[in-house]
Amino acid sequence: MTNPVIVWLRRDLRLADQAAFHAAAQSGAPVIPVYVLDDEAPRHHRMGGASRWWLHHSLSRLDADLRAIGSRLVLRRGKAHEELAAIRREVGARTVHCLAHYEPWWRNAERAVAKHFQLVRHDGNYLAPPGTILSGAGTPYRIYTPFWRALSERLPPPLPVAAPAHLPAPANWPASDALEDWGLLPRAPDWAGGLRAMWSPGEGGARERLADFAEAAAVYEQRRNLPAQEGTSLLSPHLHFGEISPAAVWHAVAGAGGSVGTFLGELGWRDYAQNVILQFPDYATRSAKAEFDHMPWRTGPEAEADLAAWQQGRTGYPIVDAGMRQLWRTGWMHNRVRMLAASFLIKHLMIDWREGERWFWDTLVDADHGQNAVNWQWSAGSGVDANIFSRIMAPLSQSVKFDAAGYIRQWVPELAGLADGEIHDPVVRPRGYPRPIVDHGAGRARALAAMVQAKGEAASGGG
Ligand SMILES: Cc1cc2nc3c(=O)[nH]c(=O)nc-3n(C[C@H](O)[C@H](O)[C@H](O)COP(=O)(O)OP(=O)(O)OC[C@H]3O[C@@H](n4cnc5c(N)ncnc54)[C@H](O)[C@@H]3O)c2cc1C
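Named according to an unreviewed UniProt entry, the protein is Cryptochrome/photolyase family protein originating from Novosphingobium bradum. Word for word, the UniProt comment on the protein under Sequence similarities (unreviewed entry) is "Belongs to the DNA photolyase family."

Caption draft 1: Examining the domain arrangement of the protein more closely. Domains assigned within the protein are domain 1 (1-124), domain 2 (126-157 + 203-279) and domain 3 (290-458). Once you take the C-alpha centre of each, domain 1 and domain 3 turn out to be 38 Å apart. Contact residues are listed per partner, giving 13 residues for domain 1 and nine residues for domain 3. Surface buried jointly by domain 1 and domain 3 totals about 800 Å² across both partners, of which 56% is contributed by carbon and sulfur atoms. Together, H45, A50 and S51 form the three largest contributors to the area buried by domain 1 at its contact with domain 3, with a combined 49%. Summed over the shared surface of domain 1 and domain 3, the result is one salt bridge.

Caption draft 2: Representation of helix α1 (residues 19-27) in the model. Among all positions of α1, only A20, F21 and A24 are buried. Relative to the axis of α1, the buried residues are bounded by an arc of 95° and lie together on one face. The opening residue of α1 is Q18, an N-cap whose side-chain oxygen sits 2.9 Å from the backbone nitrogen of A20. In the segment just after α1, G28 is the residue with positive phi, at about 80°.

Caption draft 3: View of the side chain of D17. Looking at the secondary structure, you find D17 in the loop between β1 (5-9) and α1. The buried charged residue D17 lacks any salt bridge, with R14 as its nearest oppositely charged partner at 5.2 Å. Residues in contact with D17, not counting those within four places in the same chain, are L159, P160, V161, A162, S245, A247 and A248.

Caption draft 4: The nonpolar core, seen in detail. If you look at the biggest cluster of nonpolar residues, it comprises 68 residues, and the most contacted ones within it are I6, W8, M295, W310, M324 and F360. Per element, the largest residue contribution to this core is eight residues, and it comes from helix α14 (residues 335-348). Viewed by domain, this core spans two of them, domain 1 (1-124) and domain 3 (290-458), each represented by three or more residues. Discounting chain neighbours no more than four positions away, the residues touching I6 are I32, V34, L84, I87, A93, T95, V96, H97 and F117. Residues L239, I244, V249 and A273 belong to the second largest nonpolar core, which totals 36 residues.

Caption draft 5: Examining the packing of aromatic side chains more closely. Counted according to the given criterion, the structure contains 21 aromatic pairs. On the numbers, 6.2 Å between centres and 75° between planes, the contact of W53 with W54 is edge-to-face. On the basis of relative accessibility, which here comes to 2%, the residue W53 falls in the buried class. You can call W54 buried: its relative accessible area is 0%.

Caption draft 6: Structural detail: the sheet that holds strand β2 (residues 31-37). Ordered in space as β3-β2-β1-β4-β5, the five strands form an open sheet in which the pairing is parallel. Lying at the two open borders of the sheet, with one neighbouring strand each, are β3 (74-77) and β5 (118-122). Sheet twist, expressed as the average angle between the axes of neighbouring strands with direction ignored, equals 30°. Strand direction decides the pairing type here: β1 and β2, joined by five bridges, are parallel. Paired with I6 across the bridge in β2 is I32.

Caption draft 7: Up close: the site of the ligand. What surrounds the ligand is a group of 27 residues, the closest being Y220, T232, S233, L234 and N335. Within the side chain of E266, a nitrogen or oxygen atom sits 2.9 Å from a nitrogen atom of the ligand. The separation between an oxygen atom of the ligand and a polar side-chain atom of W332 is 3.2 Å. Relative to its unbound accessible area of 820 Å², the ligand is 97% covered by the protein chains.

The rules behind these values
Sequence order as written defines residue numbering, which begins from 1 separately in each chain. Side-chain atom pairs in this predicted model are given and counted only at pLDDT of 80 or more, local residue features only at pLDDT of at least 70, and totals for whole chains, interfaces and linings cover all residues. As a rule here, side-chain values come from all non-hydrogen atoms in the structure, and water together with hydrogens is ignored. UniProt positions are given in the numbering used here, feature names are shortened, and annotations may be inferred rather than shown by experiment. Marked domain ranges trace back to an automatic or database domain assignment. Pairs of residues are marked as contacts when any of their non-hydrogen atoms sit within 4.5 Å. Here the buried area means the combined drop in accessible surface, using a 1.4 Å probe, for two parts upon being joined, counting both sides. Salt bridges are counted wherever a side-chain nitrogen of Lys or Arg sits within 4 Å of a carboxyl oxygen of Asp or Glu. Only protein chains enter the calculation, and the probe is 1.4 Å; a residue is then buried if its accessible area is under 20% of its type maximum, exposed if over 50%, and partly exposed in between. Labels follow the DSSP assignment, with helices taken as runs of H or I lasting at least four residues and strands as runs of E lasting at least two, numbered in each case from the N terminus. Directions are taken from the helix axis to each C-beta atom, and the arc is the one they span. Polar contact criterion, stated in full: a pair of N or O atoms within 3.5 Å, where within protein one must be able to donate a hydrogen and the other to accept it, and residues adjacent in sequence count only if both atoms are side-chain atoms. Counted as positive: Lys and Arg. Counted as negative: Asp and Glu, with His and the chain ends omitted from the count. Among buried residues, those of type Ala, Val, Leu, Ile, Met, Phe, Trp, Tyr and Cys that are joined through side-chain atoms within 4.5 Å constitute a nonpolar core. Classification of ring pairs uses Phe, Tyr and Trp, with its six-membered ring standing for Trp, and accepts pairs whose centres are within 6.5 Å; under 30 degrees between planes counts as stacked, over 60 as edge-to-face, and the remaining range as tilted. In short, DSSP must find at least two bridges between two strands for them to pair. Lines fitted to C-alpha atoms define the axes, with helix axes restricted to the stretch in contact, and inter-axis angles between N-to-C directions lie between 0 and 180 degrees. Whether a residue is near a molecule or strand is decided by its heavy atoms; if any one of them lies within 4 Å of it, the residue is near. Each accessible area value is a Shrake-Rupley result obtained with a 1.4 Å probe; residue values ignore everything except the protein chains displayed when judging cover.

Below you can see the structure in the form of structure tokens.
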């Protein structure tokens, strides 16, 4: 009988437009879909709590979808190459199909798997394969705008390929862990109620989100900065876990007209982020601009208390607190508010951007190595393409400008009784709601002085 082939799954948990499944099905061989949970390889980027919650449900959905076409999902825990090699010994598979991934730990894992198997890497998690969008001089781009211009010339992406109607099963299935035994869901306490209320992980949930968004894609530009409205696609965790392909998203909305181009440009930022981590694998832990190594970030008990206030949504800045509480409850935060919350932590509180990156990594359902690092370094001003550090966002005026009153009411119930004119910066604080932990003007002045100091030290070569 023909040797079975393995489909090695990671952040590509779908059947439609999934080139690894497509190729495996086309081969005519029995197909063994495998997911290996490896908590060691990513080291400090081991999946956070919100991602683990998502992963549990996404794997469960995928297994159900596979069973509907005659297959099932094999779950193993450990190093990917060791687990796949063990499966090879159990059932004699020699070929592994996978989608390519660009996190440094996945690239290492791919190299290790390739020593044991014929590894066939397929594209399909990005609009164009990362590393292939190059300047005229043949070098990768560091800045988004020229990257996007060059990527646009390669678009549209190929049309999505349908899910296989049937996957031939092997004569013997290799052993599989039970998903429940992995303990991915929070138990004591179960903090996932807000996540359950908002999300439907899995390919079906992704398709529904896309269908909802496609109807409003033409007015994306008008609504995307207003946190009180559902003006964005909410596709980020589905895209991160690969439950829908960017090509499928593209083809569903590109013809919508209106301002859909702005939305497509955001998909471009997603590709750009991978392009950056491919060039700078330690981007999540190392500032791209050297002067940031001299930044006098605050540390010690007072800074720790401020960090905790930020994490808990108790800074006394209503829009920042609303965002941080939305994140804690739902695993997601509106992009405009992510920018504000990040700027506030880094600049008003002078706390190292890596602390924020770590918190988001643990709490976001869409936590993504490339997108998180690129956006934190953009917010800090430390990145290869970044906002200037001295451009300090004013949370109070941004809150008014982007009409966040309804958003604050939703997430900060202590303020729910206040009128629109008062809620952004209440003069009298309702009981239980803190005063600002830092004055806007004083925080701004401290940040600007710190930057001058860091630049001076960097220029003089000081440590
Ligand atoms: C400090 C900070 C950290 C962030 N961390 C992450 C992260 O870990 N994972 C993540 O997916 N996004 C991250 N973002 C980007 C952005 O906030 C989210 O992608 C967006 O809010 C997701 O909501 P949506 O799907 O409704 O987005 P939409 O506005 O509908 O955009 C469509 C898709 O484009 C991509 N996208 C949108 N904005 C960006 C962006 N600025 N950079 C890169 N890709 C983008 C996402 O995949 C998103 O799903 C971060 C932003 C900031 C400021």
